[in-house]
Structures are given as C-alpha cells and as structure tokens.
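The primary structure of each chain is shown beneath.
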Amino acid sequence: MIRPELRVYLLLEDLQRQFAAYMGTPSRARGYPPFEGQHSLIVEVAPGLAIERVTDLALRAVPAVEPGILFVERQFGVLEVHAADPDDVRRAGEAILEGLGASAADQLRPQVLFHDVIEDVTDQHAVIINRTRQASMLMPGTTLLVYEMTPALFATVAANAAEKVAPDVTLVDVSMIGAAGRVYMSGSTPDILRARDEITRVLQEVEGREH
C-alpha cells in the first residue's frame, strides 16, 4: 500500500465571520457549512484518493465533527471538518496523523509567491474583479490587498488570521484549491497593511518541511 503524503495540516481556531460565511458557500462547503466561532481542521494529502481514508479516520474517531469540504482533484485530496468544541477538532486531527503515521510538522511549509497593496482602486478595476469574486464586492476607491502562496490551502489560514486583526476589511475572494492560493481583501490602507503583515507573520511561523 502506498503511504499518503501529508501536504497540509491546518488548525483554524475561532473562524471569523466573513471567512466562515465564505466557507459556507455552495462552491466551498458541499457538506455541512461552518459557522462563526467554530473551529476547523483542513488537511491535504497526495495522492488525491487517499483523502477518503483521511475522512474515515476523522469521522470514525470523532463523530461530533462535521465535514464541510471533501474535494479530490487531479493530484491532491482536501478535507475540512469543523466543530464548536476545539478539542473535537484536535482529536480528529490526532486520529488522522496517527492513521497516516505522520506528524503536523511533516506538512509543507508555505511559500509566499507574491503580494501587493493597490490604493484607490479604479471603477473599472473593481468591476472586472467583482465579476469573478467568490465573497464580497470590491468597492472603487478602497485599498486592495492581493496575496499569493503555495500550497493553495494556506490561503484559508491567511484569510482567517487577517480578519482577526483587521475585522473591518472586506474579504473579496479566496482561492484555496489548485496550484497556488490567493487572497483578495479590501478596506482602508491602515487595515490592509495590518492584514498583510499578519498574513506574512502567520505564514512564516508555520512549521514544516521545505518544498
């Protein structure tokens, strides 16, 4: 039997309002939608179908957790589970790690690919971004943060962490599946700079192996 590779293992404590709402949209939560204040675990493994074993390990060990996302793409599989009790989420994660014979530190460390802050967004720029957004609308005249990293799932911890320190920002879009993760946020320039710096800090503190 091929031993699955643990690529991402993320515990997200205290889901923020906008991020929880985004995770509950039909394009994300194909299972049970999470709510603000709940706690989440997101795991990615390779090969993709190995995520079915990961799901079995989590739900069999802790039936109280609810699966929100179960996604099998070409190379990787993604599972998100959540619960009101953080201990339930942690125990589900421990069951996954034990079943895989892995530790959280076996995950890949995130790599920052790009980030930028664009002040006073023009009308036409806002319109074209809003056509493809998955969360709230970008308003002309606000400041826009774009942030890209890999593996893609780190966009989730980035978005949730940024909203914690800058709750007045608007979560415009989060891309969490694919070759790279992307976060779009808008708001006042001071809030956006605070959000950017928090994302950088959180990603730098993740323990794991190099790509």
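Preceding this section is the structure that the text describes.
Reading guide: rules and limits
- Residues numbered from 1 in each chain as written.
- Predicted model: local features only at pLDDT ≥ 70, side-chain atom pairs only at ≥ 80, totals over all residues.
- Heavy atoms only, no water.
- Helix = DSSP H or I, 4+ residues; strand = E, 2+ residues; numbered from the N terminus.
- Buried < 20%, exposed > 50% of the residue type's maximum accessible area, 1.4 Å probe, protein only.
- Polar contact = N/O pair within 3.5 Å; in protein donor to acceptor, adjacent residues only side chain to side chain.
- Contact = heavy atoms within 4.5 Å.
- Expected span 1.5 Å × (residues − 1).
- Axes fitted to C-alpha atoms, helices over the stretch in contact; angles between N-to-C directions.
- Parallel < 35°, antiparallel > 145°, perpendicular 65-115°, else oblique.
- Left-handed = near helix turned anticlockwise from the far one by under 90°.
- Nonpolar A, V, L, I, M, F, W, Y, C, P; charged D, E, K, R; others polar.
- Phe/Tyr/Trp six-rings, centres within 6.5 Å; stacked < 30°, edge-to-face > 60°.
- Pairing = 2+ DSSP bridges.

Undergrad: A description of the side chain of Thr-143 should follow, citing residues and the corresponding values.
TA: Here Thr-143 is to be found in strand β6 (residues 143-150). The exposure class assigned to Thr-143 is buried, which follows from its relative accessible area of 4%. Within the structure, the side chain of Thr-143 is placed 2.7 Å from the side chain of Thr-189, a separation counted as a polar contact. Those residues within four positions of Thr-143 in sequence are excluded, and the remaining contacts are Val-117, Ile-118, Glu-119, Asp-120, Met-185, Ser-186, Gly-187, Ser-188, Thr-189 and Ile-192.

Undergrad: Describe in detail helix α3 (residues 86-100), supporting the description with residues and values.
TA: When the terminal C-alpha atoms of α3 are compared, their 21 Å separation across 15 residues agrees well with the 21 Å that a helix rising 1.5 Å per residue should span. Those residues of α3 that fall on the buried side of the exposure criterion are Asp-88, Val-89, Ala-92, Gly-93, Ala-95, Ile-96, Leu-97 and Leu-100. Residues of α3 that are buried in the fold lie against β1 (5-12), β2 (39-46), α2 (51-61) and β4 (77-83). Its side-chain oxygen 2.9 Å from the backbone nitrogen of Asp-87, Asp-85 forms the N-cap of α3. Gly-101 sits one or two residues past α3 and shows a positive phi near 65 degrees.

Undergrad: Break down the packing of α2 against α3 for me, citing the residues and quoting the values.
TA: Contact geometry of α2 with α3 gives a least axis separation of 8 Å together with a crossing angle of 135 degrees. In terms of their interaxial angle, α2 and α3 are classed as oblique. The handedness of the crossing between α2 and α3 comes out as right-handed. Judged by residue contacts, Val-54, Leu-57, Ala-58 and Ala-61 of α2 engage Arg-91, Ala-92, Ala-95, Ile-96, Gly-99 and Leu-100 from α3. Looking at the contact of α2 with α3, its residues break down into eight nonpolar, one polar and one charged.

Undergrad: Tell me about the packing of aromatic side chains, residues and numbers included.
TA: Tallied over the full model, the rule gives one aromatic pair. Ring centres of Phe-19 and Tyr-22 lie 6.1 Å apart, and the angle between their planes is 35 degrees; on these two criteria the pair is classed as tilted. Of the two residues, Phe-19 and Tyr-22 are both situated in helix α1 (residues 17-23); the distance of three residues between them amounts to about one turn of the helix. We classify Phe-19 as buried; its relative accessible area is 0%.

Undergrad: Summarise the pairing of β2; cite the residues concerned and give the values.
TA: The buried count for β2 comes to eight of eight residues, which makes it a mostly enclosed element. What you see with β2 is no split at all: His-39, Leu-41, Val-43 and Val-45 on one side and Ser-40, Ile-42, Glu-44 and Ala-46 on the other are buried throughout. Note: β1 against β2, seven bridges, orientation antiparallel. Opposite Leu-6, over in β2, you have Val-45 as the bridge partner. Strand direction decides the pairing type here: β2 and β4, joined by seven bridges, are antiparallel. Along β4, the bridge assignment pairs Ile-42 with Glu-80.

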